[in-house]
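What follows is each chain in one-letter form.
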Amino acid sequence: MKRLLLSVILLLLARPAWAGDWPQFRGPGGAAVSEEKGLPIKWSATENVRWKAELPGRGVSSPVIAAGRVYVTSASTYRERRLHVLCFDAATGKKLWERQFAATGGTMCHPKTSMAAPTPVTDGQHVYALFATGDLAAFHRDGDLLWYRSLLRDYPDITNQVGMAASPVLAGDTLLLPLENAGDSFALGVDVKTGRNRWKTPRRREINWVTPTVARFGGKTAVLFQTSGDITAYDAANGAVLWSYKNDKLGTVPSPALLDDLVIVPGNPSVALRVSEGGNPEVVWKSRKLAAAYASPVVYRGKIYAMTGIGVACLDASTGEELWRERLGTGFSASPVIADGKLYVAKEEGDTSVVELGDKPKILANNSLKEPLLATPAIAGGAIYLRTEKHLYCIAAKK
Amino acid sequence: MGRVGFGQLLAVFLLPAASVSAESSVEVLARLKAVGREGEHNEAAARAWKKVVGQGPAALPAILQAMDDADAASANWLRTAGDTIAERAVAAGNSLPAEALEQFVHQTRHNGAARRLAYEWLCRVDAKTPDRLLAGMLQDPSPELRRDAVAAVLKQARSQLDKDDKDAARAAYRRALTGACDKDQVDLIAKELDKLGDKVDVAAHFGFVRQWLLVASFDNHDDAGFNVAYPPEKGVDPKAVYKGKDGKEARWIAVTTVDPYGMVDLNKALGKHKGVVAYAYAAIESPQARPVQIRAGSINGIKIFLNGKELYHLDEYHHGMDVDQHIARGTLKAGRNELLLKVCQNEQNEDWAQEWKFQVRLCDAVGAAVPFTRTHSKTDNPPKRGEAKP
């Protein structure tokens with residue numbers, strides 16, 4: 001019986017992140033959509049807070065959640081020379097472990113961002129954390145170090161003094177790293193088990209913050225890397241170029257969104273591409289209505305929701321036609337996320353607007369935590385996780 | 001034995017009897033220190049990591065000693081192993097080898113980051129550790145320990161101010177200044193002392209170089225000049241006249257900055273140019289041969305040379321500027337040394353992309369100014385026509 005129980009436990013532990021988990025920046029597949037229902041609509045620093053944890057130093061990365069554990073990064077000490085990876089019990093907020101590194105790359109950045117800007121990624125069993133300093137580490141869920149790399153030691157000419165912030169993503173057993181910057185600029189595919197390179201390919205030499213997106217094209221798992229000059233699909237396994245669309249007006253911060261065979265590429269104008277089986281991207285529509293500075297658009301039930309300078313715009317994903325706009329204020333560094341027909345929009349001053357979606361939007365609440373809030377919310381296990389500058393909140397009805 | 005030295009082996013043998021088998025510890029730690037570029041030997045290091053963590057708190061002193069000669073990447077493997085042991089031991093209610101850790105903290109010959117780590121582990125099990133140890137660390141070679149020691153004196157100074165004991169506060173701020181190397185702490189001290197009628201020469205405190213010879217302009221069209229070795233990189237002759245960008249003559253001029261942070265504004269000193277390279281030169285007299293950090297701030301593409309050898313480069317423009325943003329590590333000779341900076345301006349035309357400036361200071365590894373004088377030999381004197389004070 002014990003052996004059977006152990007086998008069941010091992011089987012459960014060996015599975016990839018649960019469907020209801022939030023394993024990477026902007027959740028499953030980077031789609032920013034959760035299947036969770038019954039989430040709180042109203043909260044404050046004390047109301048509907050299941051738990052709250054103090055974080056060392058500061059950071060703007062999002063938490064990721066899988067198999068009952070919450071992982072988050074932070075940076076502390078003078079000039080953020082100390083880097084932290086923390087793991088909390090999702091149910092109770094108890095800190096299970098914390099690991100630290102000394103930064104091995106430069107820590108210069110814009111005051112809005114942090115060395116803890118890239119969001120970690122987890123497969124449920126392991127967590128992979130990248131910092132703006134180029135420090136990269138993989139941990140088992142119990143806190144054991146699997147491997148560590150100093151990317152600045154490997155590639156000393158990587159440089160982005162505004163601050164690297166794009167997040168790593170996973171495609172199977174390849175960890176995909178966006179290292180587009182003003183110096184030695186490249187995309188990297190790394191073996192998750194060893195941390196060694198699977199492939200490395202040069203990218204446009206410019207500072208860039210676009211988190212890559214994993215998608216399927218022509219039966220292959222691809223990863224989309226975007227700069228101001230191109231969006232290119234690489235075979236995630238070996239880095240071979242599957243297709244590329246060049247355009248000098250694409251965005252350098254928001255990530256693309258996917259809808260069936262459409263790739264919606266933020267820019268000015270934003271572009272919707274349809275990629276044929278042969279791998280040729282065809283422009284379906286262009287729109288200047290999707291011109292968010294930082295926030296990534298989210299696709300939900302055939303519509304695109306994108307932040308404007310003062311609120312949110314809703315567009316028909318198939319045509320690019322604008323359907324409505326709603327004012328929500330300003331300060332959208334975080335990307336919006338959607339769950340249960342509601343849009344959650346975090347703002348820099350600490351408010352999160354909850355907007356019911358439909359033919360017309362309805363603002364349900366503006367919830368303030370009264371702390372800087374630049375990280376994209378995460379949703380998992382019936383809770384909303386909000387990472388303010390110095391705290392991690394689990395917003396949920398108390399059990 | 002790989003990269004493990006005799007001294008380290010000896011140190012491990014001298015550990016308390018309770019520590020792990022010296023031989024196995026050395027071998028295991030050597031594997032953590034053998035990680036190479038691009039993840040080379042990561043698998044062996046991961047196995048070693050688990051093994052050393054499994055050894056528990058007795059392994060902590062050996063881990064700390066192994067950090068003495070570890071490179072930055074290996075030091076992080078060691079750091080996480082030690083931190084994991086300490087975390088798990090404290091959570092399980094087990095003790096840490098406090099006496100050995102405290103000894104290690106006191107031994108300033110060890111790696112500063114490792115000593116700081118030992119200090120933090122002690123703090124986990126004894127909340128009085130800072131009160132006990134920080135008082136003697138105002139001149140500590142570990143930047144983090146020194147910073148906390150300065151902070152503790154600043155707290156005392158604030159307390160004296162709150163009691164309106166200005167003399168005691170002034171004395172405390174002056175004491176804090178003797179250890180302060182971080183800009184935020186020095187700024188605070190200078191501000192408070194100024195209010196108390198005591199002026200701080202911030203530039204001297206930090207070791208900023210204030211007198212320079214400057215020459216411009218060489219071509220940097222399409223940022224290509226960054227990698228072109230123009231004549232000053234082959235040897236500085238202050239009386240030389242170079243053929244600069246577009247065939248124009250380029251001559252050295254003397255500049256003295258009065259900025260408290262040693263800032264030299266090249267747009268003011270040399271005129272506004274885009275797509276150009278300037279050089280800044282200073283002959284430095286050091287009383288002794290010593291390691292030095294040449295710390296610069298510049299929003300432009302920059303190279304740093306000491307005695308003809310390139311020590312540092314960063315080819316990035318208009319993405320921010322701060323004191324100590326660029327750190328070059330080198331060695332000063334006793335006597336005359338030649339410091340050369342290459343400061344490149346690109347061709348961006350946005351309002352925020354017009355700055356062209358730099359600041360440089362000479363300090364030790366903790367950030368404290370090293371003694372030097374700016375030499376003025378006859379050959380260093382350029383024509384007087386260019387004297388400027390930006």
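Everything numeric here is computed off the predicted structure, so don't read it as measured data.

Asks: So what exactly am I meant to see when it comes to the overall build of chain A here?
Replies: When you go through chain A residue by residue, the secondary structure sums to two helices and 33 strands. The C-alpha radius of gyration of chain A comes to 20 Å, within 12% of the 21 Å expected for a compact globule of 399 residues. Seen through its C-alpha atoms, chain A measures out along the principal axes to roughly 55 × 50 × 50 Å. Counting the 399 residues in chain A, one finds 63% classified as buried. By sequence separation, contacts in chain A at least 24 residues apart represent 52% of the contacts at least 6 residues apart. Here chain A has roughly 14,500 Å² of accessible surface; of this, 53% comes from carbon and sulfur atoms. Charge centroids of chain A, computed over 48 positive and 38 negative side chains, lie 3 Å from each other.

Asks: Mind showing me how you'd approach the packing of aromatic side chains here?
Replies: How two aromatic rings sit relative to each other is set out by the distance from centre to centre and by the angle between their planes. Counted by the stated rule, this structure contains 22 aromatic pairs over all chains. Ring centres 6.3 Å apart and planes at 35° place the aromatic pair Tyr-128 of chain A and Trp-147 of chain A in the tilted group. One end of the pair, Tyr-128 of chain A, is in strand S8 (residues 126-130); the other, Trp-147 of chain A, is in strand S10 (residues 145-150), with 19 residues separating them in the sequence. In this structure Trp-147 of chain A comes out as buried when scored by relative accessible area, which is 0%. Among the aromatic residues, those joined into a cluster by ring pairs are Phe-218, Tyr-230, Tyr-242, Trp-252, Tyr-279 and Tyr-281 of chain B. Above the face of the Tyr-261 of chain B ring, Lys-183 of chain B is positioned so that its terminal group lies 4.8 Å from the ring centre. Sitting over the ring of Phe-226 of chain B, Lys-303 of chain B keeps its end group 4.8 Å from the ring centre.

Asks: Explanation requested: helix H7 (residues 112-125) of chain B in the structure shown.
Replies: Every α-helical turn comprises 3.6 residues, leaving residues that sit three or four positions apart pointing alike. All names here are of chain B. Taking 1.5 Å of rise per residue, the 14 residues of H7 would be expected to cover 20 Å, and the 21 Å separating its terminal C-alpha atoms lies within 8% of that figure. Taking burial as the measure, the 14 residues of H7 include 10 buried ones, the bulk of the element. All buried positions along H7 are accounted for by Gly-112, Ala-114, Arg-115, Arg-116, Leu-117, Ala-118, Tyr-119, Glu-120, Trp-121 and Leu-122. The N-terminus of H7 is capped by Asn-111, whose side-chain oxygen sits 2.8 Å from the backbone nitrogen of Ala-113.

Asks: Would you mind showing me how to read the interface of chain B and chain A here?
Replies: When the parts of a complex come together, some accessible area is lost, and that lost area is often used as the size of the interface. In this complex, chain B contributes 42 residues to the contact, which on the side of chain A involves 38 residues. Overall, the association of chain B and chain A removes approximately 3,300 Å² of surface from exposure, summing both partners, and the carbon and sulfur fraction of that is 44%. Put simply, chain B and chain A have nine salt bridges between them. Linking chain B to chain A there are 26 residue pairs in polar contact (both at pLDDT 80 or more). Broken down by secondary-structure element, the contributors of at least two residues to the side of chain B that touches chain A are helix H3 (42-54), helix H5 (72-91), H7, helix H9 (143-162), helix H11 (183-195) and strand S9 (309-314) of chain B. Looking at which element gives the most residues to the side of chain B that touches chain A, the answer is H5 of chain B, with 10 residues. Partitioning the side of chain B that touches chain A into residue classes produces nine nonpolar, 12 polar and 21 charged.

Asks: Quick question: what am I supposed to make of H11 of chain B here?
Replies: Residues and elements named next belong to chain B. With 13 residues, H11 extends 18 Å between its outermost C-alpha atoms, agreeing within 8% with the 18 Å of an ideal straight helix rising 1.5 Å per residue. Of all the positions in H11, only Gln-185, Val-186, Ile-189, Ala-190, Glu-192 and Leu-193 are classed as buried. Each element contacted by the buried residues of H11 is listed here: H9, helix H10 (166-179) and helix H12 (202-206). Phi for Gly-197, located one or two positions after H11, is positive at around 80°.

Asks: I'm lost on the side chain of Thr-388 of chain A in this one. Help?
Replies: With respect to the secondary-structure elements, Thr-388 of chain A resides in the loop between strand S32 (383-387) and strand S33 (391-395). Apart from the residues lying within four places of it in its own chain, the contact partners of Thr-388 of chain A are Gly-59, Leu-369, Glu-371, Pro-372, Leu-373 and Tyr-393 of chain A.

Asks: Just to check I follow, could you spell out the pattern of salt bridges for this structure?
Replies: Pairing is possible between side chains that carry opposite charge, provided their charged atoms lie close to one another. According to the stated counting rule, one finds 49 salt bridges over all chains in the structure shown. Asp-248 of chain A is the salt-bridge partner of Arg-204 of chain A, the closest N and O atoms lying 3.3 Å from each other. Of the two residues, Arg-204 of chain A sits in the loop between strand S14 (197-202) and strand S15 (213-217) while Asp-248 of chain A sits in the loop between strand S18 (241-246) and strand S19 (257-259), which places them 44 residues apart along the sequence. Here the salt bridges do not stand alone but share partners, grouping Arg-82 of chain A together with Arg-116, Glu-120, Glu-144 and Asp-148 of chain B into one network.

Asks: It is not clear to me how the confidence of the model for chain B should be interpreted in this structure. Could you clarify?
Replies: Low-pLDDT stretches of the model should not have their predicted coordinates read in fine detail. Residue and element names in this part refer to chain B. With 90% of its residues at a pLDDT of 70 or more, chain B shows a mean pLDDT of 92. Note on residues 1-20: pLDDT is under 50 here. Beyond four places in sequence and across chains, it has 29 contacts. Scored below 50 in pLDDT, residues 385-390 shows 16 contacts in the model against residues more than four places distant or in partner chains. Here the predicted complex scores 0.92 on pTM and 0.93 on ipTM.

Asks: Explain the pairing of strand S6 (residues 276-286) of chain B to me, please; I cannot follow it from the model alone.
Replies: Working note: regular strand, side chains alternate between the two faces of the sheet. Residues and elements named next belong to chain B. For S6, the buried fraction is high: 10 of the 11 residues fall into the buried class. Of the pairings in the sheet, the one linking strand S1 (residues 211-219) to S6 comprises five bridges and is antiparallel in character. In the sheet register, Phe-218 faces S6, and the bridge partner there is Val-277. Relative to strand S11 (residues 335-345), S6 runs antiparallel, the two sharing 11 bridges. Note on S11: the bridge partner recorded for Ala-282 is Leu-339. Here S6 runs beside strand S13 (residues 373-374); their pairing, made up of two bridges, is antiparallel. The residue bridging Glu-285 from the neighbouring strand is Thr-373, located in S13.

Asks: What exactly am I supposed to notice about the environment of Lys-33 of chain B here?
Replies: All names here are of chain B. The residue Lys-33 is located in the loop between helix H2 (22-32) and H3 in this model. With relative accessibility at 4%, the residue Lys-33 sits in the buried group. As a C-alpha pair, Lys-33 and Ala-66 span 33 residues in sequence and 8.2 Å in three-dimensional space. Among the polar contacts made by the side chain of Lys-33, one reaches the side chain of Asp-69 at a distance of 2.4 Å.

The rules we used
Residues numbered from 1 in each chain as written. Chains lettered and ligands numbered in written order. Predicted model: local features only at pLDDT ≥ 70, side-chain atom pairs only at ≥ 80, totals over all residues. Heavy atoms only, no water. Helix = DSSP H or I, 4+ residues; strand = E, 2+ residues; numbered from the N terminus. Rg over C-alpha atoms; globule rule 2.2 N^0.38 Å. Buried < 20%, exposed > 50% of the residue type's maximum accessible area, 1.4 Å probe, protein only. Contact = heavy atoms within 4.5 Å. Areas by Shrake-Rupley, 256 points an atom, 1.4 Å probe, with all protein chains shown as cover. Lys, Arg positive; Asp, Glu negative; His and termini not counted. Charge placed at Lys NZ, Arg CZ, Asp CG, Glu CD. Phe/Tyr/Trp six-rings, centres within 6.5 Å; stacked < 30°, edge-to-face > 60°. Lys NZ or Arg CZ within 6 Å of the ring centre and 35° of its normal. Expected span 1.5 Å × (residues − 1). Polar contact = N/O pair within 3.5 Å; in protein donor to acceptor, adjacent residues only side chain to side chain. Buried area = accessible area lost by both parts, 1.4 Å probe. Salt bridge = Lys/Arg side-chain N within 4 Å of Asp/Glu carboxyl O. Nonpolar A, V, L, I, M, F, W, Y, C, P; charged D, E, K, R; others polar. pLDDT = per-residue confidence, 0-100. Pairing = 2+ DSSP bridges.

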